[in-house]
Amino acid sequence: MMDVNEIREYLPHRYPFLLVDRVVEIELGKSITAIKNITINEPIFNGHFPEIPIFPGVLIIEAMAQAAGILGFKTMDKKPSDGSIYMFAGVDNVRFKRQVVPGDQLEMKVQYVSDKRGIWKFECQSYVEGKLACSATILCADRAR
């Protein structure tokens, strides 16, 4: 379990771009389950879309990448304060299965696949009420700042 205060130790993101509210399960080097609560107060809903608020797919992907970043940092026993940064390096096989709207709780499940020369690969899925909303393969790079 990680609350938002501990999450902020492992991610350099801040409002409005910190997209992980809680970590409910983590197994170092294997997997993480994290939560993003979607509320109408998100600044993105002022423009996407005012009449039909839908959480953008690119932000779902970013939220999964942030969860992957926490798993990577915790596995390596590193933090941004150590001079390391975990960069989004790529995304493949993205599929959106349902809309995510205010009131939804996005449950992100991320599984470690491999790491080679500082590039980490993760299989990611996001669910709302147990139904798949998005899946993707995400690549992250561990770099010095």
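Residues numbered from 1 in each chain as written. Predicted model: local features only at pLDDT ≥ 70, side-chain atom pairs only at ≥ 80, totals over all residues. Heavy atoms only, no water.

1. Describing helix 2 (residues 57–76)
An α-helical turn contains 3.6 residues, so a residue and the one three or four places further along point in the same direction.
Stage number 1. With 20 residues, helix 2 ought to run about 28 Å at 1.5 Å a step, and its terminal C-alpha atoms sit 29 Å apart, in line with that.
Stage number 2. In terms of burial, helix 2 is a largely internal element, 16 of the 20 residues being buried.
Stage number 3. Just downstream of helix 2 lies Asp 77, where phi reads positive at about 55°. (Helix = DSSP H or I, 4+ residues; strand = E, 2+ residues; numbered from the N terminus. Expected span 1.5 Å × (residues − 1). Buried < 20%, exposed > 50% of the residue type's maximum accessible area, 1.4 Å probe, protein only.)

2. Some details on the pairing of strand 2 (residues 31–37)
Stage number 1. Among the 7 residues that make up strand 2, 5 are buried, leaving the element largely enclosed by the rest of the structure.
Stage number 2. In terms of strand pairing, strand 1 (residues 22–27) meets strand 2 through 5 bridges, oriented antiparallel. By the bridge assignment for strand 2, Arg 22 is matched with Ile 35.
Stage number 3. Hairpin remark: strand 1 followed by strand 2, antiparallel, with 3 residues in the connecting loop; positive phi at Gly 29, about 75°.
Stage number 4. Inspection of the sheet shows strand 2 paired to strand 4 (residues 105–116) by 7 bridges, in the antiparallel sense. Among the inter-strand pairings, Ile 35 is bridged to a residue of strand 4, identified as Glu 107. (Pairing = 2+ DSSP bridges.)

3. Considerations on the packing of aromatic side chains
Stage number 1. Evaluation of the coordinates by the stated rule reveals 6 aromatic pairs.
Stage number 2. Taking 5.4 Å as the distance between ring centres and 40° as the angle between the ring planes, the aromatic pair formed by Phe 73 and Tyr 86 counts as tilted. A residue pair is termed long-range when its members are at least 10 positions apart, and Phe 73 in helix 2 and Tyr 86 in strand 3 (residues 84–96) qualify at 13 residues.
Stage number 3. Here Phe 73 falls in the buried class, since its relative accessible area comes to 0%.
Stage number 4. Among the aromatic residues, those joined into a ring-pair cluster are Phe 73, Tyr 86, Tyr 112, Trp 120 and Phe 122. (Phe/Tyr/Trp six-rings, centres within 6.5 Å; stacked < 30°, edge-to-face > 60°.)

4. Brief notes about the environment of His 13
Stage number 1. Following the sequence through the fold, His 13 ends up in the loop between helix 1 (4–10) and strand 1.
Stage number 2. Taking C-alpha positions, His 13 is 8.8 Å from Gln 66, a pair spaced 53 residues apart along the chain.
Stage number 3. Apart from the residues lying within four places of it in its own chain, the contact partners of His 13 are Leu 18, Glu 62 and Gln 66. (Contact = heavy atoms within 4.5 Å.)

As far as function goes, none of this settles anything; it's purely spatial.
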